[in-house]
Every structure is written in structure tokens, then in C-alpha cells.
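Spelled out from the first residue to the last, the chains are:
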Amino acid sequence: MTRKSEDAGRSTIRDVASRAGVSASTVSRVLGGVYPVSSATRTRVMRAVRELDYVADARAKAVAGVGTPTLAFVLEDITGPSFALMAHGVEREATRLGHLCLVCSTEGDVRHELEFVEMMRAQRAAAVILVGGAADTAEYRERTRRMADSLASAGSRLVLCGRPTLGPGAPVTVIEYDNEGGAYALVAHVLAQGHRRVLFLGGKADHTTAQGRERGYLAAHRARGLEPEPELLLHGDFTRDSGHRLMRGALKDGLDFTAVVAATDMVAAGALTALHEAGLEVPRDVSLAGYDDIPFARDLHPALTTVHVPYEELGRLAVRTALGRTGEAPDEHLLLGTHVVVRDSVAATGS
């Protein structure tokens, strides 16, 4: 079969332009992501791309001088310290292996995520790395499976970091850390100090990362024959403001607790401020622990006991696995360990 006959059925950029009612140069701007275009124009172009199953010609890109292999890193909030650490790992490893790294912050907008993935498919990105927990629903699985299949059809790869898996047969690479195990070990450490009423400041109830940490909290209690009171499990999100708000509410409501385990170090930082505002000392009056071991955790006063997650290594491993540089099968499900970092914010009861 000749190259001409292989390409005969493929849609062209002019086909996309005609379908969207714009010029070919406008299509190029949308797919290239370099020049600003209106939201309405972008929506029309991306709809035409999907309807025509258009994939940009990698040879044309090479002629245009934009053929550098590309990796895409997609996350909800680039300002989150743990996400920033992972992005750093992705960028460093991508650069080391000669790939350009593009970062997309979706702010939780599913449509934005889908459009970006389609753009990366059109540009034949080597891989797209999706980061962070999500609600594990049938809609999520169907949407993510479509993205995985679409990328695979263009010779690309979808990598899920800390996201719910899709089940057998999906063309994805899954890289996780021991989320539940880390929470279990942390709460076990707090319980070993004699605490029996441990307040848990969690994340969103339907968020898989938050669910894993809550399961670890419950399992550590049950392993010791304990059942925490439902009033001690509070839900918010993974931010400093959430920790501050939840902690103030718990104090206002007169909840009885001697220790607090926060779902993230950022939540712990907010809780620490609220405790100080109420005239309580950590750990003299209340013990406090976090999760993530982000850099500033050691600089809080007192330094925060927490769970170390190897975020940078997760980022580097995501790149190496997606590019087949680890020796593992591309659909391997990899799990990295976590461990408790004991500092000064947790003390024995009565000490």
C-alpha cells in the first residue's frame, strides 16, 4: 500500500476549518495553543476535530519546526504544593529525556480537561499524565476510557497518577502511592501515644484520595478494637482555609478530642492557626498531624508530624513508564510506598 492510499481517508486541517466555519490558520492556532482565540471559536474547532476524528500530521509539524516530542501534565490546581512537587518531577524527567513538557491546570473543569487531551492527541503527544483523585463514578470511567482509547489510537498513552483505575483492558498506565496505608500508619502512631478521641479533618466525601485517607483512619482504630464517633469525622477539601474553618467549627461545637489528624499538611496548617487563635498549644493541649510532607511542614511551629509521599518520584516514574524507560509493561499498575515522618506536633497524652 502506498503512502498516498494510506492517507487518503484522513481528514485534513482544511476539512476541520470548513466544518467549524473558520480559516485553516485559526484551526492551527487552536490546536497549537500558542495564540489566543475566543472561547466560542475554540469550542467550534474542537467539536469539528472530534467529529472528523482529525489528528494533526506529525510530518507537517516536523517541517514546521515544531516536532519536539511532547508530554502533557494535567492537574486540577497547580498552586497545590503536592501537585507542584509532582509537576517538578515530570518536568525534570521530561527534559532529561529530550521531551517538551506542557502543563494544564483545569481548575476542576471537565470540559477543559477533555479539550486539552484532544489537543494533545491532535499534536501526537507521547503521553498525557492525569493527576489527582476524582469521584469514581460510571461517568468518570466512561469519560476516561474514551480519552485512553482516543490517545492510544494516535500512538499516545494515558497515565493515571493517583486517579481511580479503569479496570482490565484499558490502554492506560496507573501509578499510585500507598494512600490508605500511609493514613493507617499515621493514625496508628497517634493512637500509640494514648489518644482515643482523634478528630479527622478530611476532604470531599466522594474524592478517592480523601476516601483512602479516611479508610486508613478508620482501619487503624478498628485494628485496636476502637470505633471513632461519627462526629469526629469532618469533611471539607484539601486547602488551608478548609482546615481553619473545620477546626474553628469543631471548637465552637465543643467537640471532645485530644488529637487531630488532617487529610493534608495544608489542612493541618489551617487547623494549627485556629488552635492558636483559641489559645491552645500544640502538642501540649492538642496533638496535630498532617499528610503529604510538603516542604514547609518542617518549618511550622511545632514541626509537623506527617506522612511522606514521594511526589517528585511519582512524576519522574510517570514519565519513564509512559515512555517505556522502566522495563515494565506499559499497562503496569505501579505502587510506591509512603512512611510516617515523626516530628514535634504529636505527644503522648498526659505528657
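Values in this document were obtained by computation on a predicted structure and should not be read as measured data.

*Asks:* Lay out the overall build of the chain with the relevant residues and their values.
*Replies:* Looking only at helices and strands, the chain has 13 helices and 12 strands in total. Split into buried and exposed, the 351 residues of the chain put 50% on the buried side. Expressed as a percentage of contacts within the chain between residues at least 6 apart in sequence, the contacts between residues at least 24 apart total 75%. Here the chain displays about 16,200 Å² of accessible surface, and carbon together with sulfur accounts for 50% of that area.

*Asks:* Tell me about the nonpolar core, and name the residues and values.
*Replies:* Phe73, Ile129, Leu199, Leu201, Met247 and Phe257 are the most contacted members of the largest nonpolar core, which has 69 residues in total. Those residues in contact with Leu199 that lie beyond four places of it in its chain are Glu231, Leu232, Leu234, Met247, Ala250, Leu255, Phe257, Ala259, Val260 and Val261. Ala72, Cys104, Tyr140 and Leu160 belong to the second largest nonpolar core, which has 21 residues in total.

*Asks:* Describe the sheet that holds strand E11 (residues 333-336), listing the residues and the values that go with them.
*Replies:* With respect to topology, 6 strands assemble into an open sheet ordered E2-E1-E3-E4-E5-E11, the strand pairing being parallel. Two strands bound the open sheet, and with one partner strand each, they are strand E2 (100-105) and E11. On average, each strand axis in the sheet is tilted by 20° relative to the strand beside it, whichever way the strands run. Pairing between strand E1 (residues 70-75) and strand E3 (residues 127-131): 4 bridges, direction parallel. Considered in E3, the bridge of Phe73 is made with Ile129.

*Asks:* Summarise the packing of helix H6 (residues 81-96) against helix H13 (residues 311-322); cite the residues concerned and give the values.
*Replies:* Relative orientation of the contacting elements H6 and H13 amounts to 40°, with a least axis distance of 7 Å. It follows that H6 is oblique to H13 by the angle criterion. For the pair H6 and H13, the crossing hand works out as right-handed. From H6, Ser82, Leu85, Met86, His88, Gly89, Val90, Arg92, Glu93, Ala94 and Arg96 reach across to H13, where they touch Tyr311, Glu312, Leu314, Gly315, Arg316, Val319 and Arg320. A class-by-class count of the residues in the contact of H6 with H13 yields 7 nonpolar, 4 polar and 6 charged.

*Asks:* For the sheet that holds strand E7 (residues 233-235), give the residues involved together with the corresponding values.
*Replies:* Pairing is parallel in the open sheet, where 4 strands are placed in the order E7-E6-E8-E9. Looking at the sheet topology across the chains shown, the edges are occupied by E7 and strand E9 (287-289). Along the sheet, successive strands turn relative to each other by an average axial angle of 15°, direction set aside.

*Asks:* Any chance you could break down empty space enclosed by the protein for me, citing the residues and the numbers?
*Replies:* Tallied over the full model, the rule gives 1 cavity of 30 Å³ or more. Here the largest cavity defines a volume of roughly 30 Å³. What lines the largest cavity is Ala183, Leu186, Val187, Phe200, Arg213, Val261, Ala262, Ala263 and Tyr291. When residues of the lining of the largest cavity are traced back to their parent elements, those giving at least two are helix H9 (179-192) and strand E8 (259-262). In terms of residues, the lining of the largest cavity owes the most to one element, H9, which gives 3 residues.

*Asks:* Just give me the short version of the pattern of salt bridges, but keep the residues and values in it.
*Replies:* According to the stated counting rule, one finds 18 salt bridges in the structure shown. The shortest N-O distance in the salt bridge between Asp136 and Arg141 comes to 3.0 Å. Residue class for Asp136 comes out partly exposed when judged on its relative accessible area of 39%. Under the relative-accessibility criterion, Arg141 is labelled partly exposed at 31%. Ionic pairing is found between Glu313 and Arg316, a salt bridge with its closest N-O pair at 3.0 Å. With Glu313 and Arg316 both in helix H13 and 3 residues apart, the pair spans about one turn of that helix. Using a relative accessible area of 24% as the deciding quantity, one classes Arg316 as partly exposed.

*Asks:* Explain the environment of Leu233 to me, and be specific about the residues and the numbers.
*Replies:* Mapped onto the fold, Leu233 is located in strand E7. For Leu233 and Phe200, which are 33 residues apart along the polypeptide, the C-alpha to C-alpha distance reads 5.0 Å. Excluding its chain neighbours within four sequence positions, the residues that come into contact with Leu233 are Phe200, Glu214, Tyr217, Leu218 and Pro228.

*Asks:* How would you explain the pairing of E3 if you had to name every residue and give the values?
*Replies:* Counting buried positions along E3 yields 5 of 5 residues, so the element is predominantly enclosed. Here E3 shows two buried faces, one formed by Ala127, Ile129 and Val131 and the other by Val128 and Leu130. Inspection of the sheet shows E3 paired to strand E4 (residues 158-161) by 4 bridges, in the parallel sense. Each bridged residue has a counterpart across the sheet, and for Val128 the counterpart in E4 is Leu158. Taken together, E3, helix H8 (residues 138-153) and E4 constitute a β-α-β crossover, and its handedness is right-handed.

*Asks:* For the environment of Ala17, give the residues involved together with the corresponding values.
*Replies:* Counting through the fold element by element, Ala17 comes out in helix H2 (residues 13-20). The exposure class assigned to Ala17 is buried, which follows from its relative accessible area of 5%. When near neighbours in sequence (up to four residues on either side) are disregarded, Ala17 contacts Val22, Ser23, Ala24 and Val27.

Basis of the calculations
In this convention, every chain numbers its residues from 1, walking through the sequence in written order. In view of the model being predicted, local features appear only for residues whose pLDDT reaches at least 70, and side-chain atom pairs are presented and counted only at 80 or more, with totals across whole chains, interfaces and linings using the full set of residues. The basis for every side-chain value is the complete set of non-hydrogen atoms in the structure, without hydrogens or water. Secondary structure follows DSSP: runs of H or I at least 4 residues long count as helices, runs of E at least 2 residues long count as strands, and numbering of each begins at the N terminus. When accessible area is computed with a 1.4 Å probe and restricted to protein chains, residues below 20% of their type maximum are described as buried, those above 50% as exposed, and intermediate ones as partly exposed. Contact definition: two residues touch when any of their heavy atoms are within 4.5 Å. All accessible areas in this document rest on Shrake-Rupley with a 1.4 Å probe, and a residue is counted as covered only by the protein chains that are shown. As used here, the term nonpolar core means buried Ala, Val, Leu, Ile, Met, Phe, Trp, Tyr and Cys residues forming a set that is joined through side-chain atoms within 4.5 Å. Pairing between strands is defined by DSSP: at least two bridges between the two strands are required. Axis angles are defined between N-to-C directions and span 0 to 180 degrees, where every axis is a line fitted to C-alpha atoms and, for a helix, only to the segment in contact. Note that the term roughly parallel is reserved for angles under 35 degrees, roughly antiparallel for angles over 145, roughly perpendicular for angles of 65 to 115, and oblique for everything else. For a crossing to be left-handed, the near helix must be turned anticlockwise from the far one by less than a right angle; the clockwise case is right-handed. Each residue is assigned to one of three groups, with Ala, Val, Leu, Ile, Met, Phe, Trp, Tyr, Cys and Pro labelled nonpolar, Asp, Glu, Lys and Arg labelled charged, and all others, Gly among them, labelled polar. Using a grid of 1 Å spacing that covers the protein atoms alone, one calls a set of points a cavity when a 1.4 Å probe fits there but cannot get out, and a pocket when the set is open and has protein on both sides within 12 Å along at least five of seven lines; lining residues are those with an atom within 4 Å of a point. Grid points are joined across faces, edges and corners, and a volume is the space filled by probe spheres set on the points. For salt bridges, the criterion is a side-chain nitrogen of Lys or Arg within 4 Å of an Asp or Glu carboxyl oxygen. Assignment of crossover handedness uses the view with strands pointing away from the viewer, where a clockwise path from the first strand over the helix to the second indicates a right-handed crossover.

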